[in-house]
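# Examining the three-dimensional arrangement
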Amino acid sequence: MGLLDILLGRTKPVAPDLDQLFALPSAAVTLQAAASFTPTGRGAVCFATVEGAAFEQTHREVQALLDADADRDGPPVELRRDKYGYSWLVSQRGPDELPLLVNDLHAVNSSMEVNGFGPQLLCSLAGFQDEQDRRLALVYLYKRGTFYPFAPLPGDGQRRDNALELRVKAALGDDLRIEQDLSRWFPVWGAPGL
């Protein structure tokens, strides 16, 4: 970054650090102790859909790679498209298999990145729930290299439990690189894997 960038207030974008995903299992222990949320075993990677044979081939290879896992007990990895036109590669593991889920999420992100589709990656999430069946996602922003909590309130409306999100932010500050700019805590309404 040069002097002109400093004077004009431009900042260097944060490079994605996919290894941050591997901090999720230890953060899950803290999350359970602090807020009684446990992993659901569901997670997903969201990316902007690109038309073309190379992109289709890449996502088929990733899906085949994850489906080839002999230890997978649950449903196969599936590709879904949300109502906003984004694609989600959804993985389901057992609730006690968060490290395997994290491996799946990391493999999807890495494969997309290696095949030149890193700019299309938006976020990854891992789902959690508590005894009252409240849902929570820890969302990894690919382009920021940070996490934030997303806690939708039950019901048909699109409302969030902001107090819970802030409690989770405070509890996980030592475990995860938390996104400090709250305006970047984008809602992921209806996200598969949540």
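Figured I'd write up the structure that's included with this text. Note that the structure is predicted; figures quoted are calculated from it, not measured. (Residues numbered from 1 in each chain as written. Predicted model: local features only at pLDDT ≥ 70, side-chain atom pairs only at ≥ 80, totals over all residues. Heavy atoms only, no water.)

## Let's talk about the overall build of the chain
Defined as follows: Put simply, DSSP marks the helices as runs of H or I at least four residues long and the strands as runs of E at least two long, and each gets a number from the N terminus on. The cut-offs for exposure are 20% and 50% of the maximum accessible area for each residue type, with area from a 1.4 Å probe on protein chains only; residues under the lower value are buried, those over the upper are exposed, and the others partly exposed. What makes two residues a contact is simply this: any of their non-hydrogen atoms within 4.5 Å. Values of accessible area rely on a 1.4 Å probe in the Shrake-Rupley scheme; residue burial ignores everything except the protein chains shown.
Check the secondary structure of the chain and you find five helices and six strands. Along the chain, helices (α) and strands (β) appear in the sequence α-α-β-α-β-β-α-β-β-β-α when read from the amino end. A total of 194 residues make up the chain; the buried ones form 45% of that total. Taking contacts inside the chain between residues at least 6 apart in sequence as the whole, the part at least 24 apart equals 65%. Carbon together with sulfur atoms contributes 53% to the accessible area of the chain, which is approximately 9900 Å² in total.

## Points about the side chain of D130
What counts is decided by this rule: Under the rule applied, a polar contact is a pair of N or O atoms within 3.5 Å (in protein, one hydrogen donor and one hydrogen acceptor; residues adjacent in sequence only if both atoms are side-chain atoms).
Assignment of secondary structure puts D130 in the loop between β4 (121-129) and β5 (135-141). Using a relative accessible area of 7% as the deciding quantity, one classes D130 as buried. Looking at D130, its side chain comes within polar contact range of the main-chain nitrogen of Q132, at 3.0 Å. Separated by 2.6 Å, the side chains of D130 and R134 make a polar contact. Leaving out residues up to four positions away in the same chain, D130 has contacts with S36 and F37.

## As for the packing of helix α2 (residues 24-35) against helix α4 (residues 98-114)
To keep things clear, this is the line we draw: Only the stretch in contact is used when fitting a helix axis, every axis being a line fitted to C-alpha atoms; angles between N-to-C directions are given from 0 to 180 degrees. These descriptions rest on fixed angle ranges, namely under 35 degrees for roughly parallel, over 145 for roughly antiparallel, 65 to 115 for roughly perpendicular, and the rest for oblique. Throughout, a crossing is termed right-handed when the near helix is turned clockwise from the far one, and left-handed when it is turned anticlockwise from it by less than a right angle. Residues were grouped as follows: Ala, Val, Leu, Ile, Met, Phe, Trp, Tyr, Cys and Pro as nonpolar; Asp, Glu, Lys and Arg as charged; and all remaining residues, including Gly, as polar.
Following both chains from N to C, one finds α2 and α4 inclined at 135°, their axes separated by 9 Å at the closest point. It follows that α2 is oblique to α4 by the angle criterion. Along this stretch, α2 crosses α4, giving a crossing that reads as right-handed. Contacts between α2 and α4 pair L24, P25 and A28 from the former with L98, P99 and V102 from the latter. Split into classes, the residues belonging to the contact of α2 with α4 amount to six nonpolar, no polar and no charged.

## Side note on the nonpolar core
The criterion, for reference: Nonpolar cores are built from buried Ala, Val, Leu, Ile, Met, Phe, Trp, Tyr and Cys residues. Side-chain atoms within 4.5 Å join them into one set.
Judged by nonpolar contacts, the single largest core of 53 residues is most densely connected at L31, W88, F128 and L176. A total of seven residues in this core trace back to one element, the largest contributor, which is α4. Residue contacts for L31: discarding those within four places in its chain leaves S36, F37, F128, L136, L138, V168 and L172.

## Comments concerning the packing of helix α3 (residues 53-67) against α4
In contact at an axis separation of 10 Å, α3 and α4 are set at 155° when each is read in the N-to-C sense. Regarding the angle of α3 to α4, the classification is roughly antiparallel. Between α3 and α4 lies a crossing whose hand is right-handed. Of the residues in α4, those in contact with F55, T58, V62, L65 and L66 of α3 are D104, A107, V108, S111 and M112.

## A short note on the pairing of strand β2 (residues 78-81)
Worth spelling out the cut-off: We treat two strands as partners when DSSP finds at least two bridges between them.
By the bridge criterion, four bridges tie β2 to strand β3 (residues 86-92) in an arrangement that is antiparallel. Residue pairing across strands places R80 opposite W88, the latter belonging to β3. Where β2 folds back on β3, the antiparallel hairpin that results is connected by four residues, among which G85 adopts a positive phi of roughly 90°.

## With respect to α3
The following threshold applies: By this rule, a helix spans an expected 1.5 Å times one less than how many residues it contains. The arc refers to the directions leading from the helix axis to the C-beta atoms.
With 15 residues, α3 extends 21 Å between its outermost C-alpha atoms, agreeing within 8% with the 21 Å of an ideal straight helix rising 1.5 Å per residue. Regarding α3, the residues found buried are F55, T58, H59, V62, Q63 and L66. The arc that holds every buried residue of α3, seen down its axis, measures 130°, which confines them to one face. Of the exposed residues in α3, the ones pointing more than 90 degrees away from its buried face are A53, A54 and L65. Turning to α3, the residues buried within the fold contact β1 (38-48), β2, β3 and α4.

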